[in-house]
Number of protein chains: 2
Amino acid sequence: MNDDSSTPIVDELRTWIATAAPGARLPSTRTLVRQHEVSPLTVQKALRSLVALGLVETRPGVGSFVRAPRTSRPHDFGWQTAALGTPRRQIPAQSRALQPVRHDVIAFHSGYPDRGLLPERLVRSAFARMARTDAAVARPPSSGLPELQSWFAAELAAMTPASVSAPGPQDVIVVPGNQGGLTACLHALVGAGRPLVIESPTYWGAIHAAAQAGVQLVPIPSGPHGPDPDVLADTLARSGARAFYAQPTHANPTGARWSPQLADAVLATVRQHGAFLIEDDWASDFTLSGEATPVAARDDGGHVVHLRSLTKSVAPSVRVAAVTARGPAHERILTEVRAANMYVSGALQAVALDVVTQPGWRTHLRSMRRELADRRDLLAAAVGEHLPTAHLTAVPTGGLNLWVRLPDGTDAARLTSGCEAKGVLVAPGDEWFPAEPVGAHLRLNYSGPNPGAFVEGVRLIGATLDEIT
Amino acid sequence: MNDDSSTPIVDELRTWIATAAPGARLPSTRTLVRQHEVSPLTVQKALRSLVALGLVETRPGVGSFVRAPRTSRPHDFGWQTAALGTPRRQIPAQSRALQPVRHDVIAFHSGYPDRGLLPERLVRSAFARMARTDAAVARPPSSGLPELQSWFAAELAAMTPASVSAPGPQDVIVVPGNQGGLTACLHALVGAGRPLVIESPTYWGAIHAAAQAGVQLVPIPSGPHGPDPDVLADTLARSGARAFYAQPTHANPTGARWSPQLADAVLATVRQHGAFLIEDDWASDFTLSGEATPVAARDDGGHVVHLRSLTKSVAPSVRVAAVTARGPAHERILTEVRAANMYVSGALQAVALDVVTQPGWRTHLRSMRRELADRRDLLAAAVGEHLPTAHLTAVPTGGLNLWVRLPDGTDAARLTSGCEAKGVLVAPGDEWFPAEPVGAHLRLNYSGPNPGAFVEGVRLIGATLDEIT
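Reading the values: rules and limits
- Residues numbered from 1 in each chain as written.
- Chains lettered and ligands numbered in written order.
- Predicted model: local features only at pLDDT ≥ 70, side-chain atom pairs only at ≥ 80, totals over all residues.
- Heavy atoms only, no water.
- Helix = DSSP H or I, 4+ residues; strand = E, 2+ residues; numbered from the N terminus.
- Buried < 20%, exposed > 50% of the residue type's maximum accessible area, 1.4 Å probe, protein only.
- Contact = heavy atoms within 4.5 Å.
- Areas by Shrake-Rupley, 256 points an atom, 1.4 Å probe, with all protein chains shown as cover.
- Lys, Arg positive; Asp, Glu negative; His and termini not counted.
- Charge placed at Lys NZ, Arg CZ, Asp CG, Glu CD.
- Pairing = 2+ DSSP bridges.
- Right-handed = clockwise from strand over helix to strand, strands pointing away.
- Buried area = accessible area lost by both parts, 1.4 Å probe.
- Salt bridge = Lys/Arg side-chain N within 4 Å of Asp/Glu carboxyl O.
- Polar contact = N/O pair within 3.5 Å; in protein donor to acceptor, adjacent residues only side chain to side chain.
- Least-squares fit on C-alpha atoms with pLDDT ≥ 70 in both.

Caption draft 1: Region of the structure containing the overall build of chain A. Across its full length, chain A carries 15 helices and 16 strands. In terms of principal-axis extent, the alpha carbons of chain A reach across some 85 × 55 × 55 Å. Within the span of chain A, comprising 469 residues, buried residues form 59% of the whole. Taking the contacts inside chain A whose residues are at least 6 apart along the sequence as the reference set, 75% of them involve residues at least 24 apart. In the structure as shown, chain A presents an accessible area of about 17,800 Å², 53% of it carried by carbon and sulfur atoms. Of the charged side chains in chain A, 43 are positive and 42 negative; the average position of the first set lies 8 Å away from that of the second.

Have a look at this one:
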């Protein structure tokens, strides 16, 4: 990109500067023009690069000089301790699930599907097409591109029974990723210091976002069949919470998928308590068997606020998600989204819309789901064979993860570092608990690279487990 | 983008559906192929569009049918009133400056440069190039693409004197736009219920973000020369605030640019009070005369947190900005950014980096600045001629706006609607005041479309002003 005729001059002068005294004068522009047989413009460009690198300073009309090295002294940022005070909650700066996937390891830790599972060809051609349209330079409305709002609304409407009034495009707010949408919902619907009911275990990103928003988490237990609606009712009544965050479809990490009866019961409960269900529908593209209907498709009373992201299924570079909400809650969330982000790049919105409206998108989803189901079965079988003392709580009907209960007393942190030493990255289950973990768990993601190494990876986890117990 | 051969079929069928009974069967694919002389693929595409619009449902192997209309009844969202409580502050859902720019009006209201001032060719080719690289599908680190962090750091380092230790790439956090960076800083450095000193008037987006974050604003007066450092010192001491938000370079809306002496005085003041200066360096690409050095380049004590955006100068679709901060504040902000957004699209980061490292970028900046200076002079002269009772507080040395004081007692809202009736969009100054406005103002943006109509636009503002006073 920067590989032009000034590069050799920059390189040569950098070598010279490395041994020159601070303040030493560089050869004149005229000399450099002659030496390198280039134009004065090229020499000036080289000098500007050196200035930008902090190696040279130019005094107009005088010449260019080797810059004195910065005084090197330790910084004292101690004053910030008083200005910042104690943080609201000690949370890890970075979750295990966000760590980069290296190529020399067997990776079960990541939360993001491997490139081989993405519609790469569709994404690349959508970016190339978009580059020629207005979307490359225009500013979209802050609620989103109307066509993309319509698409999100139509996806929900297609699953809405005729007795329920379906949401429309005007109910959709396009946000820069699910995390941004969730953060906006937490600020708009809950607020700092106020309670939010949440499943335990649940998505670490939601726990993290709630902690940062200063929201008070009120956990209820949840397992492979979802939460108990009676416990939810008690907890809403006792805490005074007006919102419940949940992942009814292929919950992360448990893989739970609510039955239609449970969805109805939860909906009845939030209605009775005048509360919101913040439905994080992160995995609707990753349903591996049957049909998954979001709870939002059963509600037209404004109780369900629906979050849906395209980032995991389209591509990590296409940070586009939608919040669908009705009533005053919609305005509150929109105000929050505008305050936090103004609007979402129209380029990314156009690319997302292009990908999901191509005929190839449905074809891709089908083959991606088949591939994911194979990986899930492969990994589940390997767990059964090589982790005989562990317990797979359920084989999920969708999502990207297996949730493995380890023998009581297992030191998950020690297991994690032991596995890492053997070249296997796993995510210890503790991050998915809003309070103390109720047992040692591993989350094994089956959407990582190189499924051919999955069995060997689980064998190594088993060997590490044997060593530490 | 969607304007293809299926559009006429969609249009004709929509007309037909409008009067058809629910459940009525659509003509067969074969019939439509014959009628329209197109391929079966085109007909299927048209049918998919109608399904997406919720007008048609398809039963495979049977045919396509007009969908039954949803039961229409009024919604009752009253329960949300209790769940949501009163909002923290009544703020307008949408600022005047964010309203779309229509083509049949003379637009002085927008905050975004017209397309003609953007490096459109560079942006389009950067998108096209990026579509062929890994960035189109990869997930970048949550602090940002390392090369882009380096670029932002080098830009600041190039203006840092040798006596000050310059920031490095590790100090830079890439965020999805300036608004997202500011919101993260407000949560991380100030927090709900705590005070923040702010200039008055100042950027409405900052007022809005602070209101949403629940931050308590403590305004100090600021004019064409910036704030008074003694007033700042008093206000920091009195309020206990540990942060001051300001735009030292081409403040929006006043155009103020701090002198080096003022920058030093403010820096000394925040140091003395153990406080942060949140420097919103939004307009460094829009310096029209002289060189603008950010205050951040004078500080290595971690007091200045520097915000810089590329969205306005590169393109509205390229939502990329940077927060540069040192010490524990850096970690606090990074934790906040991760909780709110996880990471910024690597595709947008790659495009931003490509544009600003092209040789054409510097050329573009030079010609864009010349064009902006001409527009500024044109508009300032028109204000002098056609708004004789108004007062232009200063002709700014950069930025995008003129800040016009109206005669005392002018009803700015009435002036705005009167101008709109004449086809001229202006932004009333009230939105830029964190508390009561101290006078009637207009902000006239000179980066909108069609500068040829500027003089006529100001003449019409003058005529409206005459009518209402």
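Moving on from the model shown.
Caption draft 2: Structural view of the pairing of strand β8 (residues 243-246) of chain A. Residue and element names in this part refer to chain A. Neither face of β8 is left uncovered, since the one carrying A243 and Y245 and the one carrying F244 and A246 both have all their residues buried. As paired elements, strand β5 (residues 195-200) and β8 share two bridges and run parallel to each other. Bridge pairing links I198 to Y245 in β8. Judged from the four bridges that link them, β8 and strand β9 (residues 276-280) form a sheet pairing that is parallel. What sits directly across from F244, in β9, is L277. For the segment spanning β8, helix α10 (residues 260-272) and β9, crossover handedness is right-handed.

Caption draft 3: A look at the interface of chain B and chain A. Taken together, the contacts link 104 residues of chain B with 103 residues of chain A. Carbon and sulfur atoms supply 53% of the area that chain B and chain A bury against each other, a total of about 8,400 Å² over both sides. For the pair chain B and chain A, the interface holds two salt bridges. One salt bridge in this structure joins R115 of chain B and D134 of chain A, with 2.9 Å as the shortest N-O distance. Taken together, the links from chain B to chain A amount to 44 residue pairs in polar contact (both at pLDDT 80 or more).

Caption draft 4: Up close: the pairing of strand β9 (residues 276-280) of chain B. The element β9 of chain B is extensively covered by neighbouring structure, given that five of its five residues are classed as buried. Burial along β9 of chain B is two-sided: the residues F276, I278 and D280 of chain B and L277 and E279 of chain B are all buried.

Caption draft 5: Focus on the relation of the copies chain B and chain A. Rotating chain B by 178° and translating it 0.9 Å along the rotation axis places it on chain A, where the RMSD comes to 2.0 Å. The superposition operator between the copies reduces to a two-fold rotation axis. When each C-alpha of chain B is compared by its distance to the rotation axis, A128 of chain B comes out closest, at 2.0 Å.

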